[in-house]
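Chain residues, written in single-letter form:
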Amino acid sequence: MPYQVAIKNNATGEVRLHPMSGEWDAVAEYDWMDGNNSCDCNRAGNFHTDVESDLPNYSEACGNSRYSIVYVLLPDGRKIDDFVKLVD
Ligand SMILES: [Zn+2]
């Protein structure tokens, strides 16, 4: 079942839900904690729309400070928000 990730733009405080296909499982958790989606470059792509990514101030730079994961929303409505590494 798909899940959604609440991604926060730390510069503006805005939080957006990004839908993901596939299960929330150990692989997905790893992806958001330590894998590709732990990096600002990929989180930026997931947060912003295609239109926004064409704007001049859009940045896909790598890092770990510009976007935070606030919680993961499961299909049954449960929120997973106790991942310290996801939130930092
Ligand atoms: Zn990166």
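Higher on the page you've got the structure.
What counts, and at which threshold
- Residues numbered from 1 in each chain as written.
- Predicted model: local features only at pLDDT ≥ 70, side-chain atom pairs only at ≥ 80, totals over all residues.
- Helix = DSSP H or I, 4+ residues; strand = E, 2+ residues; numbered from the N terminus.
- Rg over C-alpha atoms; globule rule 2.2 N^0.38 Å.
- Buried ≥ 20, exposed ≤ 12 C-beta atoms within 10 Å, placed from the backbone.
- Contact = placed C-beta atoms within 7 Å.
- Core = buried A, V, L, I, M, F, W, Y, C linked by C-beta atoms within 7 Å.
- Pairing = 2+ DSSP bridges.

Asks: Describe the overall build of the protein chain, listing the residues and the values that go with them.
Replies: In terms of regular secondary structure, the protein chain is built from three helices and four strands. For the protein chain, the sequential pattern of α-helices and β-strands runs β-β-α-α-β-β-α. Compactness check: the protein chain gives a C-alpha radius of gyration of 12 Å against a globular reference of 12 Å for 88 residues, within 12% of the reference. By principal-axis analysis of the C-alpha atoms, the protein chain measures approximately 40 × 25 × 20 Å. Of all 88 residues assigned to the protein chain, the portion counted as buried reaches 17%. Excluding contacts between residues fewer than 6 apart, the proportion of contacts in the protein chain whose partners are at least 24 apart in sequence is 47%.

Asks: Could you give an account of the nonpolar core, naming the residues involved and the relevant values?
Replies: In this structure, Tyr3, Val5, Ile7, Trp24, Trp32, Ala44, Phe47, Tyr67, Ile69, Val72 and Leu73 together form the largest nonpolar core, which totals 11 residues. Of the residues forming this core, the biggest block, four residues, is contributed by strand E3 (residues 67-73). In this structure tryptophan 24 touches Tyr3, Val72 and Leu74, once residues within four positions along its chain are discounted.

Asks: Let's hear about the pairing of strand E2 (residues 15-20): which residues, and what values?
Replies: Every other side chain in a regular strand lies on the same face of the sheet, so the side chains alternate between the two faces. Where strand E1 (residues 3-9) meets E2, six bridges bridge the pair, whose relative direction is antiparallel. Paired with tyrosine 3 across the two strands is methionine 20, which belongs to E2. Linkage of E1 to E2, two consecutive antiparallel strands, is achieved through a turn of five residues, within which glycine 13 is found at a positive phi near 85°.

Asks: Outline the pairing of E3, supporting the account with residue identities and numerical values.
Replies: Direction of pairing for E1 relative to E3: antiparallel, over a ladder of six bridges. Across the sheet, residue alanine 6 finds its bridge partner in E3, namely tyrosine 71. Here E3 runs beside strand E4 (residues 79-80); their pairing, made up of two bridges, is antiparallel. Bridged to valine 72 within E4 is isoleucine 80. Hairpin connection, E3 to E4: the antiparallel pair is bridged by five residues, and glycine 77 has positive phi, about 90°.

Asks: Describe in detail the sheet that holds E1, supporting the description with residues and values.
Replies: Strand order in the open sheet made by the four strands is E2-E1-E3-E4, with antiparallel pairing throughout. Two strands in the sheet have a free side with no partner beyond their single neighbour: E2 and E4.

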